[in-house]
Amino acid sequence: MSETSTRLDVLKTYKLYVGGKFPRSESGRVYEVTDSNGQWLANAPLGTRKDTRDAVLAARAAVKGWSGTTAYNRGQVLYRVAEMLQGRREQFSAEVAAAENIGAKKATALVDAAIDRWVWYAGWTDKVAQIAGNGNPVAGPFFNLSVPEPSGVVGVVAPQAGYGHSFLGLVSVIAPAIATGNTVVVAAAADAPLPALSLGEVLATSDLPGGVVNIISGRTEDIAPTLASHQDVNGLDLTGAIASDGSGAAAGLEASAADTLKRVIRPELDPFAQDWTDAPGTDRLLSFLETKTVWHPIGI
Amino acid sequence: MAKNTKKAEEPVRKSGLFEYAPAPESPAAAGDIATSYGHFIGGEFVDSSGSEALKTVNPATEQVLAEFAQGTEEDVDRAVAAARRAFTDWSALPGSERAKYLFRIARIIQERSRELAVLESIDNGKPIRETRDVDLPLVAAHFFYYAGWADKLDFAGYGSNPRPLGVAGQVIPWNFPLLMLAWKIAPALATGNTVVLKPAETTPLTALRFAEICRQAGLPKGVVNIVTGDGRTGAALTSHPDVNKVAFTGSTPVGRAIAKQLAGTRKKLSLELGGKAANIVFDDAPIDQAVEGIVNGIFFNQGHVCCAGSRLLVQESVQDEVLDALKRRMDTLRVGDPLDKNTDIGAINSAAQLARITELTAAGEAEGAERWSPSCDLPGTGFWFKPTLFTGVSQAHRIAREEIFGPVLSVLTFRTPAEAVEKANNTPYGLSAGVWTEKGSRILWMANQLKAGVVWANTFNKFDPTSPFGGYKESGYGREGGRHGLEAYLDV
């Protein structure tokens, strides 16, 4: 958006990413996204509760195929996401710089870290069963094996704060959930949704089946409670639910999730202090897994 | 017992010519049961701060066994404080020393297992055959298994220095009083936590006897605390601000309430809740073995089992054959005195539970399912329920959807493996499932498709301390047993 150019920029109409498609919001409304100086960047779709429910339907429909594909194949797809992001590095750097009010160099470093994070999780898909699974030496003539399986549909309140939250943080919560075969519906950071909405465009061209990742921008207080109370959501990542009160607050959402006994990731005590460049570890990878133990007698 | 003279006149059982003679275990083996019990706090048996007392009855005779304290908030407070005080030293103790305490406890349980088995049968109503051959060996095995972990936590896969959480508040049900105690206490102590445990209000006696074992083992004071009482005591414990971890086994509604209660806190929570397991029998299954598995799946422990195979899904082509064999087998089940070593099915744990089973089976009939039970005499006093079979059950029936927690089996049919999976998974629960077929590839396919934390193939209701146990969906979260069971008590 150079001031001196006589050429007028072609602006992008940002859209939701649901079921592998790019719908406008059911609300027919948008909201202004600005940089930290209040400068208008773009309009983002004002995703609604209905959009969120549609996204959960899409995510549910995708569970069977995605969890049923081989771990090797899921790894290939996640690596493909990294490949596709690499080619769009500049675009994401610009969006992250604007979203988080940081310089181009820092923004680029965050995008690079996000790309590397996809690579890290791509490598995990076919190893997680080996570190989380078990052959169990039971006291009797039985073959007994514990294997991890995905929980199903995971609702994610994307990070709203912390260094690198708008993109690296977003990738850090999406990638581990889908690496293990879950599908996700993500409430993007309300004030900085543009990198998330652009990520949808990358995912759509990364061999990722439609519905595996669904991205909704809008008011967290509309989207998060819908995810928390939804009967067909199995897990809830409340990392970005940082408001201390109101319908988007973590405690209320966790209480709502208890109705269906969702698996919940609670936010850090101080999410603003979170540095998303920290090494991720395996916590998020293991949070939305179930352990299934299979028994069979041994005999002739 | 004056009935002995009538023996010659008793009719010959349908099941065979030769009737088993009574083979009663001696109630005296249970040891002395006090007339009233307080709590076990800080290594001492203490009186409750309140005056309310509850009674625990022998469900087979309805006789009051003992009075015990209804734990007050103040009692819970004292117990948590004792556990907190003990935590500093206990968590600092080398794992190898903690291990030795747990090994000691395991050994004492083995030494005293007859006493504990008889006491469990008297307080719970379950047959002595099960307490003696299943519960007690598993209880000891759990302490042995986790004893060995105490000094090997660095190798458990949770990082090089996994830390305990602090004070664990544990609430357990009445169906396996000692076994659930072992599942909770053994991993908690191995990982360096201290505990306050609340046993169920109908079965507090073996937990209080376990407190004596802790004393015999010389366990430091306050490491294990037992507070008795009903749901009010449990709620005081799970909501106590100085508890760092809550572990609950019980019904899904209560688990849901606890999860709600803990929302917004930093307390770690593990839940083992209800189930409505499908036991799936294919046409190529060995029918006799499958029937044994079906019987074990639903009539073990009077069906008071969260992972009981309460929905029989039988392939349509073998339905008649399976049901005929099942009814023949059910005819031989012996219902009665839990202390008789030949008893298969003991007493229902409480009047309240009997009422619930009665209500749900009545609903089954009212909704059009066909009810069948073998003809057997039930004792005049006590809480009893005949093993019961429902055929013509549809997926919408309450008896196919709600957990009955009694000796009641609902039979549904299917034609294809895909239909079996569809029906098996059509429940908010996801604790366990059974598959009976001779085809290995089909077993593995079914095991993959079933949304259940435990899948028993060509067997059912098998447990082992090395083997993680726990549910999907609304059957709760977290696993107990095995390496996975450590995670619930570690800061990871």
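The following refers to the structure shown. Since we're looking at a predicted model, the values are computed, not measured.

Rules of the game
Residues numbered from 1 in each chain as written. Chains lettered and ligands numbered in written order. Predicted model: local features only at pLDDT ≥ 70, side-chain atom pairs only at ≥ 80, totals over all residues. Heavy atoms only, no water. Pairing = 2+ DSSP bridges. Helix = DSSP H or I, 4+ residues; strand = E, 2+ residues; numbered from the N terminus. Contact = heavy atoms within 4.5 Å. Axes fitted to C-alpha atoms, helices over the stretch in contact; angles between N-to-C directions. Buried < 20%, exposed > 50% of the residue type's maximum accessible area, 1.4 Å probe, protein only. Buried area = accessible area lost by both parts, 1.4 Å probe. Salt bridge = Lys/Arg side-chain N within 4 Å of Asp/Glu carboxyl O. Polar contact = N/O pair within 3.5 Å; in protein donor to acceptor, adjacent residues only side chain to side chain. Parallel < 35°, antiparallel > 145°, perpendicular 65-115°, else oblique. Left-handed = near helix turned anticlockwise from the far one by under 90°. Nonpolar A, V, L, I, M, F, W, Y, C, P; charged D, E, K, R; others polar.

**Remarks on the sheet that holds strand E4 (residues 142-150) of chain A**
Point 1. Read from one edge to the other, the open sheet built from ten strands follows the order E3(A)-E4(A)-E10(A)-E18(B)-E17(B)-E12(B)-E13(B)-E16(B)-E15(B)-E14(B), with strand pairing classed as mixed. What marks the edges here is a single partner per strand, and that holds for strand E3 (134-135) of chain A together with strand E14 (370-372) of chain B.
Point 2. By the bridge criterion, three bridges tie E14(B) to strand E15 (residues 388-391) of chain B in an arrangement that is antiparallel. Each residue of the ladder has a partner; that of B:Trp372, found in E15(B), is B:Leu389.
Point 3. Packing of helix H10 (residues 319-331) of chain B onto the sheet brings it into contact with strand E12 (278-281), strand E13 (311-315), E14, E15 and strand E16 (408-414) of chain B, and relative to E15(B) it is tilted by some 165°.
Point 4. The strands touched by helix H14 (residues 440-449) of chain B within the sheet are E4 and strand E10 (289-297) of chain A together with E12, strand E17 (432-436) and strand E18 (454-457) of chain B, with E10(A) carrying the most contacts at an inclination of about 155°.

**Quick notes on the environment of B:Leu339**
Residues and elements named next belong to chain B.
Point 1. If you trace the backbone, Leu 339 turns up in the loop between H10 and helix H11 (351-366).
Point 2. Assessed through its relative accessible area of 10%, Leu 339 is described here as buried.
Point 3. Counting along the chain gives 21 residues from Leu 339 to Val 318, while the straight-line C-alpha distance between them is 37 Å.
Point 4. Sequence-distant contacts of Leu 339, defined by excluding residues within four places in its chain, comprise Ala 23, Pro 24, Glu 25, Pro 27, Val 118, Ser 121, Ile 122 and Ile 128.

**Notes on the interface of chain B and chain A**
Point 1. The partner chain A presents 35 residues to the 44 residues of chain B that form the contact.
Point 2. Between chain B and chain A lies a buried interface of about 3000 Å² when both sides are counted; carbon and sulfur atoms form 50% of it.
Point 3. Per-residue buried area on chain B facing chain A is highest for B:Lys260, B:Arg266 and B:Tyr472; these three make up 18% of the total on that side.
Point 4. Counting the contacts that link chain B with chain A gives two salt bridges.
Point 5. The partner of B:Arg479 in a salt bridge is A:Glu290, and the shortest N-O contact between them spans 3.0 Å.
Point 6. At the boundary of chain B with chain A, the tally comes to 27 residue pairs in polar contact (both at pLDDT 80 or more).

**Remarks on the sheet that holds strand E5 (residues 64-69) of chain B**
Residue and element names in this part refer to chain B.
Point 1. Taken in spatial order, the three strands line up as E1-E5-E4 in an open sheet, and their pairing is mixed. Every interior strand has two partners, whereas the edge strands, strand E1 (36-37) and strand E4 (53-57), have only one.
Point 2. Pairing analysis gives five bridges linking E4 to E5, with the strands arranged antiparallel. Across the sheet, the residue bridging to Val 57 is Val 64, located in E5.

**A few points about the packing of helix H2 (residues 71-87) of chain A against helix H6 (residues 165-179) of chain A**
Residues and elements named next belong to chain A.
Point 1. Direction vectors running N to C along H2 and H6 enclose 160°, while the axes themselves pass 11 Å from each other. Here H6 runs roughly antiparallel to H2, going by the angle between their axes. Two packed elements cross with a definite hand, and for H2 against H6 that hand is right-handed. In contact with Arg 74, Leu 78 and Leu 85 of H2, H6 contributes Phe 167, Ala 175, Ile 178 and Ala 179.
Point 2. Along the lines of polarity and charge, the residues of the contact of H2 with H6 split into six nonpolar, no polar and one charged.

Any functional reading would require information that these geometric values do not contain.
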